[in-house]
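This is what each chain is made of:
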Amino acid sequence: MSLLALAQASASASASTSSSSDTELDAQVDFSTMLTHRQREYSGWFGCGSKMQPEPSDQGYYLEQYVLGVLDFSSQYGIEYSISYTAANVVGRPSKFPAYGDYPETFTMRTYGDWWQRAPSATREIQPQNLPRLATHDYIVVYFEDYVVPTEVAIFETFNPGAVIRIWAYGLTKHWTCLWEALDTDLAPTSRNSRRFAPPLQKTTMITKTLRIDFNHSQLNYYTEIDAIMLCGRTVSGRLIQSILEEQARVYKPLSALSKMAGSGGPISCKLRTLKFKPNCREHTDTSLHEFISNDLGKFLLDNRLEDPLAAAAAATESSQMPLGMCVTDLPFEIILKILSYLDLQSLFRVGRVSRTFYDISTHPLLYAELNLKPYWPVASSELLCTLARRATMLRKLDLSWCGGSNEISPTEFKKFLTQRGDNLTHLRLNSCKFLNASCIENVGIVCDNLIELSLRNCATDPPLLNFSCLANLKNLERLDLFQTAFDTELLLSMLEGNRKLKHLNLAFCGVSVNMDDVADHLATYNTQLVSLDLWKAHFLSARGLLAISRCRQLEELDLGWCLREASLGDGLFQLLSNCPKLRKLFLSAVRGTTERDLIHIATLGKNLEQLDLMGILNITHERVYDILVHCPKLQLLDLSFCDNIMERDFDVLAEWSRQFKVDIKSSRIFDTR
């Protein structure tokens, strides 16, 4: 008798079945759910829906508290040794709320909108199928003084609100739990007023004093600014905290990498639980489950119609095109492999639990030629790396950005993984990886000599990236990203000299130890194929360095924001625009030496410009703005914020020009161009 027939036969059984029996039967059909239930039973205060409840004597008082310190962040507008627009500004009570506007005393991130994704320097996501519905662009991790059971998280937004998409909490069991996640509609443009954003949190009994806030900037009109973050909740006794920690040490068994990645089930298992699908098969369960998947699953999906339209369409297609009695595993191996190549990493782990056949296919090395663990930062661990090392024998691209922030990945395990699988790597992204140390970076330089792309954004290694000469072993780089990462001038110059195919270079926030004029001379000599160069808030770049950069004639993108402080640029900007006709993006934020003559050169020579940032330019007038709009027909973005010569009376004119020329014009007074 098939499993489906057994289930139908048991439909008329008494409804008074015990809860323990129900759990057992569910586990036989969907063991991913069983693992999740087991995790919650063992971890007690692990997260939402925990079975462990506090005694009345353990419940404390209601507490509102503000950020005590910042543990981590992905980017910030301000520089590390400044107090303007830095992550540290979220510490303490709000200083500007409820006022609305641009304030240096707030936390501001590096980007807004989708302009950076439209630029020539934009990167393609590795394993894009892994990305959630709303991708995280930036994050900040903060901690508070006291542990509480969270009931509310309030974020005080004072400029362009609407970027918050997730709120995470880090519990006593050293796991992250998502307390709130935004819907697509939550990213709709909000009113241009400050707001105290406190979305409804999942009910939870977890204890925490650490939060992570995720941001998505895609719908922002301009930079968002955060004034403060408040955590509200009920305190718990120290006795209870100690007892929980002791209980965890006694009974808690961490889930395997396979269990973490498998999660709690997909649409099929959700449908089975919704229909209370509990077949009565206490004997030969493995055989019965395999028989159900092989013979009856297709009929079950068609009869009950999955809510997921993609899954329903796939089931209908399979039913209409496959002969009766034919199983998915009867398809040629290559076709099944192609189908599985569209799955995200978590789904691959789930597929491997269906049967031995599916396990063999889902662990094929071709499915792991690209690995992106950034979306899985909460579960990325040394154990997961060890598991992937056995599967990813043909690894070419690896993104570990944001992983290991709470010591889940050890430097030793990372080096072991890289030694095993790094010799064929062409792309390596290690942005904001807190497990990196000097030995890890040395291993990259020694093992990964085939790298085309190396990204080390916001990597505060200890000691800093100063004398890691082993990175000079890399000779094939086409993209190097050292945003907000300190390094030594001589090391950088050696890398530039050895990588003459370099096309994309990001040195924003590189620190005060680097002389950018020397870097510019090297670029003009050894890296003439450069397509994009980001020197935003870099130091010691003069008009001489600008002239050197103008010799890179393939440039399509150049960001010089806040790094040219001289009174005059000389002929540097004229030479740049004359020698680089392909230039599509030019950011001159706060380049005070820009003259009216330079603006005329932009209008007459910037025919291919699509993005132009003149924020804070002192000498610009609305006449020069009009010239640029008329003579730069491809222009899409023009930032004129905080330009002193743009008077109040000019704002209405700018709004009209924005509509006339179909250019998004940013100004100090915000207006709606639609």
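Going by the structure above, here's the rest.
Residues numbered from 1 in each chain as written. Predicted model: local features only at pLDDT ≥ 70, side-chain atom pairs only at ≥ 80, totals over all residues. Heavy atoms only, no water.

**Brief notes about the overall build of the chain**
Condition: Working definition: helices are DSSP H or I runs of at least four residues, strands are E runs of at least two. Numbering for both runs from the N terminus. The contact criterion used throughout is that any non-hydrogen atoms of two residues lie within 4.5 Å. To measure how exposed things are, a 1.4 Å probe is used in the Shrake-Rupley method; for residues, cover is taken only from the protein chains shown.
Each helix and strand in the chain was counted, giving 22 helices and 21 strands. Expressed as a percentage of contacts within the chain between residues at least 6 apart in sequence, the contacts between residues at least 24 apart total 80%. Per element, the accessible surface of the chain, about 29200 Å² overall, is 52% carbon and sulfur.

**With respect to the state of the cysteines**
Applicable threshold: The disulfide definition used here is simple: a pair of cysteine sulfur atoms within 2.5 Å.
The tally for this structure, following the rule as stated, stands at 0 disulfides. Looking at C459, it has no disulfide partner, and the nearest cysteine sulfur is the one in C433, 5.9 Å off.

**Some words on the pairing of strand β5 (residues 164–171)**
In plain terms, the rule: Under the scheme applied here, a residue whose accessible area is under 20% of the maximum for its type counts as buried, over 50% as exposed, and between as partly exposed, the area being computed with a 1.4 Å probe on protein chains only. Here, strands pair whenever DSSP counts at least two bridges between them.
With 8 of its 8 residues buried, β5 lies for the most part within the structure. Relative to strand β8 (residues 208–215), β5 runs antiparallel, the two being bridged by 7 bridges. Residue G171 lies in a different strand from β8, and its bridge partner there is T208. Note that β5 and strand β6 (residues 176–181) share 5 bridges and pair antiparallel.

**Considerations on the pattern of salt bridges**
Where we set the bar: Here a salt bridge means any side-chain nitrogen of Lys or Arg lying within 4 Å of a carboxyl oxygen belonging to Asp or Glu.
Across all of its chains, the model carries 26 salt bridges by this definition. The salt bridge involving E656 is made with R659; its shortest N-O contact spans 3.4 Å. Note that E656 and R659 are positioned in helix α22 (residues 651–661) at a spacing of 3 residues, about one turn of the helix. Take E656: its relative accessible area is 41%, and that puts it in the partly exposed class. On the accessibility criterion, R659 (40% relative accessible area) is partly exposed.

**With respect to the sheet that holds strand β13 (residues 453–455)**
Sheets are built from strands paired through backbone hydrogen bonds, the pairs being either parallel or antiparallel. Our working rule: Structural elements are reduced to axes, namely lines fitted to C-alpha atoms, with helices fitted over the stretch in contact, and the angle between N-to-C directions of any two is expressed from 0 to 180 degrees.
Strand order in this open sheet of 12 strands is β10-β11-β12-β13-β14-β15-β16-β17-β18-β19-β20-β21, and the pairing throughout is parallel. Because the sheet does not close on itself, it has two edges, and the strands there are β10 (370–372) and β21 (664–666). Neighbour to neighbour, the strand axes of the sheet diverge by 5° on average, direction disregarded. Bridge analysis of strand β20 (residues 637–639) against β21 gives 3 bridges, and the strand direction is parallel. Bridge pairing in β21 places L638 opposite I665.

**Here's the deal with the environment of W402**
Its place among the elements puts W402 in the loop between β11 (397–399) and α14 (411–421). Residue W402 is classed as buried on the basis of its relative accessible area, which comes to 10%. Sequence separation between W402 and F73 is 329 residues, and the spatial gap between their C-alpha atoms is 9.4 Å. When neighbours within four sequence positions are excluded, W402 is seen to be in contact with S74, T136, H137, Y139, R212, K374, W377, N431, S432 and C433.

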